[in-house]
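Here's the letter readout for the chains.
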Amino acid sequence: MHHQVKPVLSGLPFEALAEILKPLPHFRAEQVFRWIARGVSSFQGMTNLAIPLREDLEGRFSLYSSVIAGRAADPDGTVKLYIRLYDGERIEAVLLTDGAGRKTACLSTQAGCPLACVFCKTGTRGLTRNLDSGEILEQFLHLRSIEPEIANIVFMGMGEPLLNLPELYKTLAVLTDSRGFGLSKRRITLSTSGIIAGIRHLAATGPAVGLALSLTTADTKLRSRLMPITLSNPLPLLKDVLYDYQQQQGRRITLEAVLLGGINTRQEDSDALAAFAAGLDVVVNLIPWNPVEGMVFEGQALQEPSRREIAGYIQRLEGRGLKVTRRLHKGRGIAGACGQLGALPEISEQVSSPASRVGTWLFHVKSHVKI
Ligand code: SAH
Ligand code: SF4
């Protein structure tokens, strides 16, 4: 017989929460919704509910489904959390601090990634499964338990957000709901490798969050070798949907380019990137490749770009009137920088946080065992 798993409340958009809590009245659902957004550690902490109600809810539902399994801190201020899901799967979420001290939560949307970009560690492990909205949202709660003031959220952790649209939409609905987290859409950005159908869907029905395209190179042949997703999502069509997205949402788009030493820093690459950008309102974000051991491209070890390559690239783009920013190597010391997520390190430290009760996790593991 299977043990019944208690439904998890953390990732439910308000309407779904109100539905599952029926016949409790609407205002009770609002109270629970707000408590989750505040990161309450248990139903017992919901002090505006009568104690028998708290106990009843605790018997029927789980608040959260994941726990912090470890953390690593880089001297540059970056913190990476290892998070364990109910089925034992491990994901990572990162807290970044910029030069002005602003904090950004970098969240994962999948355990692994199916797209196998040759320069990305996450891509090497393949896809295990999509994360559900609770698992995505809890990453934010876990990060907020170590840093209460987080200004921005980026979906740039493990996985391709646009291959997990239903759960992404639920997550965005919860995050932007004024009854709970109440985050502005302007503070949320998602990064995609260029899934045309997903961008179309987002333009038509999704919330107007910021969009970043991991372009890396606009040379079709080279991009197909570096990012195989290019073969089924051709660049000219991709540009068209970006244009439509921009018309629809009216927001500047970010073009990200991972710079790989000796591979995509040539004049042809900056020319092609500038041509791709023409007609779009973009800022180009250059990301010098963060080393991942053992990564090879067509028999050659990948390399960081030299200072000269980076400077030349920036100069050529700026010469064409493009706005260029350069991403710093935040979190390198703990393999928490872009593209370095996906290792399975030793658990460094057991940490407790509001949304991380080992008890919950054990419950879930047990309840998945067939007996
Ligand atoms: N799958 C989505 C979002 C996650 S990846 C996407 O690809 O956009 C986040 C960013 O990290 C992407 O821009 C990706 O190109 C970049 N990246 C991947 N591996 C990297 C590495 N080793 N060094 C620097 N950036 C990397
Ligand atoms: Fe997946 Fe993005 Fe990594 Fe490519 S860069 S393998 S799309 S996570």
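Residues numbered from 1 in each chain as written. Chains lettered and ligands numbered in written order. Predicted model: local features only at pLDDT ≥ 70, side-chain atom pairs only at ≥ 80, totals over all residues. Heavy atoms only, no water.

1. Remarks on the overall build of the chain
Note the following rule: Helix and strand labels come from DSSP, where a helix needs a run of H or I of at least four residues and a strand needs a run of E of at least two; each type is numbered from the N terminus. We compute the radius of gyration from the C-alpha atoms alone; for a globule the expected value is 2.2 Å times N to the 0.38, where N is the number of residues. Only protein chains enter the accessibility calculation, which uses a 1.4 Å probe; a residue is then buried when its area is under 20% of its type maximum, exposed when over 50%, and partly exposed in between. Whether two residues are in contact is decided by their heavy atoms: any pair within 4.5 Å suffices. Computed with the Shrake-Rupley method and a 1.4 Å probe, the accessible areas treat only the protein chains shown as cover for residues. In this tally Asp and Glu are treated as negative and Lys and Arg as positive; neither His nor the chain ends contributes. By convention, charge coordinates are those of NZ in Lys, CZ in Arg, CG in Asp, or CD in Glu.
A tally of helices and strands in the chain yields 12 helices and 14 strands. For the chain, whose C-alpha radius of gyration is 21 Å, the value lies close to the compact-globule estimate of 21 Å for 371 residues. Residues classed as buried in the chain amount to 56% of the 371 residues present. Partitioning the contacts of the chain with sequence separation of at least 6, the portion at a separation of at least 24 is 69%. Within the structure as shown, the chain displays about 15,900 Å² of accessible surface, and the carbon and sulfur contribution to it stands at 53%. In the chain, which carries 42 positive and 35 negative side-chain charges, the distance between the mean positions of the two groups comes to 2 Å.

2. Some details on the nonpolar core
Filter applied, for reference: Among buried residues, those of type Ala, Val, Leu, Ile, Met, Phe, Trp, Tyr and Cys that are joined through side-chain atoms within 4.5 Å constitute a nonpolar core. Each domain's limits were defined by an automated method or a database of domain assignments.
One finds Phe119 and Phe155 to be the most contacted residues of the largest nonpolar core, which totals 110 residues. When we break this core down by domain, the ones giving at least three residues each are domain 1 (14–60) and domain 2 (67–364).

3. With respect to the site of ligand 2
Heads up, the rule is: The near set for a molecule or strand comprises every residue that places at least one heavy atom within 4 Å of it. The nonpolar class holds Ala, Val, Leu, Ile, Met, Phe, Trp, Tyr, Cys and Pro. Asp, Glu, Lys and Arg form the charged class, and all remaining residues, Gly among them, are polar.
The full set of residues close to ligand 2 is Cys113, Leu115, Ala116, Cys117, Cys120, Gly123, Gly159 and Ser193. In the shell around ligand 2, the residues fall into 5 nonpolar, 3 polar and no charged.

4. As for the packing of aromatic side chains
For clarity, the cut-off: Pairing of aromatic rings covers Phe, Tyr and Trp, the last counted by its six-membered ring, and requires centre-to-centre distances within 6.5 Å; plane angles under 30 degrees mean stacked, over 60 mean edge-to-face, and any other angle means tilted.
Summed over all chains, the structure comprises 2 aromatic pairs. Here the aromatic rings of Phe14 and Phe33 are separated by 5.5 Å at their centres, their planes lie at 80°, and the arrangement is edge-to-face. You can see Phe14 sitting in helix α1 (residues 14–21) and its partner Phe33 sitting in helix α2 (residues 26–38), a full 19 residues away along the chain. Overall, Phe33 belongs to the buried group, its relative accessible area being 4%. Aromatic pair Phe140 and Phe181: ring centres 5.8 Å apart, planes at 55°, arrangement tilted. Of this pair, Phe140 sits in helix α5 (residues 133–146) while Phe181 sits in the loop between α6 (165–176) and β8 (188–192), placing them 41 residues apart in sequence. For Phe181, a relative accessible area of 14% puts it in the buried group.

5. Here we look at the packing of helix α10 (residues 267–277) against helix α11 (residues 307–319)
Basically, it comes down to this: Fitted lines through C-alpha atoms serve as axes, helices being fitted only where they are in contact, and the angles separating the N-to-C directions of these axes extend from 0 to 180 degrees. Left-handed is the label given to a crossing in which the near helix is rotated counterclockwise from the far helix by less than a right angle, and right-handed is the label when the rotation is clockwise.
The contact between α10 and α11 brings their axes to 10 Å, and the two run at 35°. Where α10 crosses over α11, the two elements pack in a sense that is right-handed. Touching Gln267, Asp269, Ser270, Leu273 and Ala274 of α10 are Tyr313, Arg316 and Leu317, all from α11. Taken together, the residues of the contact of α10 with α11 sort by class into 4 nonpolar, 2 polar and 2 charged.

6. Here we look at the confidence of the model for the chain
What counts here: The pLDDT score gives, residue by residue, the confidence of the prediction method on a 0 to 100 scale.
Counting all residues, the mean pLDDT for the chain is 90, and 91% of those residues have values of 70 or more. For residues 344–371, every residue scores under 50 in pLDDT, and the model assigns this stretch 66 contacts once sequence neighbours within four places are set aside.

7. Here we look at the site of ligand 1
Put simply, the rule reads: Polar contacts, as counted here, are pairs of nitrogen or oxygen atoms within 3.5 Å of one another; within protein the pair requires one atom able to donate a hydrogen and one able to accept it, and residues that are adjacent in sequence qualify only if both atoms are side-chain atoms.
The full set close to ligand 1 counts 18 residues, and Gly159, Ser191, Ser214, Asn290 and Gly339 are the nearest of them. Here an oxygen atom of ligand 1 sits 3.5 Å away from a polar atom, N or O, in the main chain of Thr192. One of the backbone nitrogen or oxygen atoms of Asn290 is found 2.8 Å away from a nitrogen atom of ligand 1. Its free accessible area being 530 Å², ligand 1 has 96% of it covered by the protein chains. Sorting the residues of the shell around ligand 1 by element identifies β8 and β10 (253–259) as the ones contributing at least two each. Here the shell around ligand 1 is composed, by residue class, of 8 nonpolar, 8 polar and 2 charged.

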